Amino acid sequence: LVVDGNSILNRAFYGIRPLTAGDGTPTNAVYGFVTILKKHLDSLSPDYLACAFDLKAPTFRHKMYDGYKATRKPMPEDLAVQLPWAKKVAAAMGFTVIECEGWEADDVLGTIAAMGDREDDVHSYILTGDRDSLQLITEKTSVILVKTKEDIVYDPARFFEDYGVTPEQFVDVKALMGDSSDNIPGVPGIGEKTALKLIAACGGLDGLYADENMGGAGKSAKEKLCAGKDSAYMSQKLAKISREAPVGVDMASLENHGCDKSLAEIFARLGFSGLMKRFDFGEDG
């Protein structure tokens, strides 16, 4: 089980009403984070655990394109103060917490999943609320997309059923449609529906631009595609998740050794009495 720490913590923060510990420390994001992780630990009983977090330092994508994530608002203070607690709680739950300077959490997810793909008897599950990771789906890697009502577990067949392209082609779809949350420009005027149709027809970005008919695009769309070709290829590089980040771990180091006794201390500190019971911690921890 490979967790997109920032994505899951963010969803919990906005999905759960404000909660505070006895000293006023905000705790709603950490509470939701633990609840989501516990649910999937129980359902999957994974042999290996990793949880990836972003660092503040610029990544290779920022160096490639000044505008990358430039429109993103800073993390709310009530969420920022919970980030260190989320890392502590993930580690205490048995996860190896991984941050990689110059790389994003997505690249860590991709790299760990690729490690699993190379093992004979491992199937990886990426837990995230972010569609970016859908490009990482393989026969041996599923993506659990966390939703408000019911999570969606994507394997290659389910992804193709929903999107009409393969997971590998999803990067090229993003190259055309862009991504406003990351400020990836894409091709101005080309939306998701058109992008999916064109990539499905041509097999990818190279196929689209090699096709005189441009996948049957209309006159207006062709003009936009021609004008936005450089932007499309730059956006493709920005959107593609690396599977070769220098994460500094191997599969053996990710082995699930279960919860640490420090988890009970963290729960007591944050006032999570209900979670103490759910994790079967007694009065003495």
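Our subject is the structure listed above.
The structure displayed is predicted, hence computed values, not measured ones.

What counts, and where the lines are drawn
Residues numbered from 1 in each chain as written. Predicted model: local features only at pLDDT ≥ 70, side-chain atom pairs only at ≥ 80, totals over all residues. Heavy atoms only, no water. Helix = DSSP H or I, 4+ residues; strand = E, 2+ residues; numbered from the N terminus. Rg over C-alpha atoms; globule rule 2.2 N^0.38 Å. Areas by Shrake-Rupley, 256 points an atom, 1.4 Å probe, with all protein chains shown as cover. 1 Å grid on protein atoms, 1.4 Å probe; cavity = no way out; pocket = protein on both sides within 12 Å on 5 of 7 lines; lining within 4 Å. Points joined across faces, edges and corners; volume = space filled by probe spheres on them. Axes fitted to C-alpha atoms, helices over the stretch in contact; angles between N-to-C directions. Parallel < 35°, antiparallel > 145°, perpendicular 65-115°, else oblique. Left-handed = near helix turned anticlockwise from the far one by under 90°. Contact = heavy atoms within 4.5 Å. Nonpolar A, V, L, I, M, F, W, Y, C, P; charged D, E, K, R; others polar. Salt bridge = Lys/Arg side-chain N within 4 Å of Asp/Glu carboxyl O. Pairing = 2+ DSSP bridges. Core = buried A, V, L, I, M, F, W, Y, C linked by side-chain atoms within 4.5 Å. Buried < 20%, exposed > 50% of the residue type's maximum accessible area, 1.4 Å probe, protein only.

### Some thoughts on the overall build of the protein chain
In terms of regular secondary structure, the protein chain is built from 14 helices and 6 strands. The C-alpha atoms of the protein chain give a radius of gyration of 20 Å, which matches the 19 Å a tight globule of 285 residues would have. Considering only C-alpha atoms, the protein chain reaches an extent of 70 × 45 × 35 Å along its principal axes. Working note: accessible area of the protein chain is about 14000 Å², and carbon and sulfur atoms make up 49% of it.

### Here's the deal with the layout of surface pockets
If a probe as big as a water molecule is rolled over the atoms, it shows which places are left empty. Empty space within the largest pocket amounts to approximately 1200 Å³. In this structure, the largest pocket is lined by 35 residues; those nearest its centre are Asn6, Asp54, Lys69, Arg72 and Met75. Of all the secondary-structure elements, those providing two or more residues to the lining of the largest pocket are helix 1 (5-15), helix 4 (77-80), helix 5 (83-92) and helix 6 (105-117). Of all the elements, helix 1 adds the most residues to the lining of the largest pocket, at 6 residues.

### Considerations on the packing of helix 2 (residues 28-44) against helix 5
Helix 5 packs onto helix 2 with a crossing angle of 25 degrees between their chain directions and a minimal axis gap of 9 Å. On the basis of their axis angle, the class for helix 2 and helix 5 is roughly parallel. Considering how the two elements wind past one another, helix 2 and helix 5 form a crossing that is right-handed. Taken together, the residues of helix 5 that come into contact with helix 2 (itself represented by Val30, Phe33 and Val34) are Trp85, Ala86, Val89 and Ala90. Residue composition of the contact of helix 2 with helix 5, by class: 7 nonpolar, no polar and no charged.

### Some details on the pattern of salt bridges
Enumeration over the complete set of coordinates arrives at 13 salt bridges. The salt bridge involving Asp117 is made with Arg243; its shortest N-O contact spans 2.8 Å. Here Asp117 is found in helix 6, whereas its partner Arg243 is found in the loop between helix 12 (229-239) and helix 13 (262-270), with 126 residues between them in sequence. Bridged by salt links that share partners, the residues Arg61, Lys69, Glu104 and Asp107 form one connected network.

### Focus on the sheet that holds strand 6 (residues 152-154)
Overall, mixed pairing links the 6 strands, which are arranged 3-2-1-4-5-6 in an open sheet. What marks the edges here is a single partner per strand, and that holds for strand 3 (96-98) and strand 6. Across the sheet, the mean angle from the axis of one strand to that of its neighbour is 20 degrees, orientation sign disregarded. One ladder, built from 2 bridges, connects strand 1 (residues 2-4) with strand 4 (residues 124-128); its direction is parallel.

### Structural notes on the nonpolar core
Buried together is how nonpolar side chains tend to be arranged in soluble globular proteins. With 47 residues, the main nonpolar core has Ile112, Leu176 and Leu225 as its most contacted residues. The residues contacting Leu225, other than those within four sequence positions of it, are Leu176, Val187, Ile190, Leu198, Leu208, Tyr209, Met214 and Ala217. One finds Phe33, Phe53, Val89 and Ile144 within the second-largest nonpolar core, a separate group that totals 37 residues.

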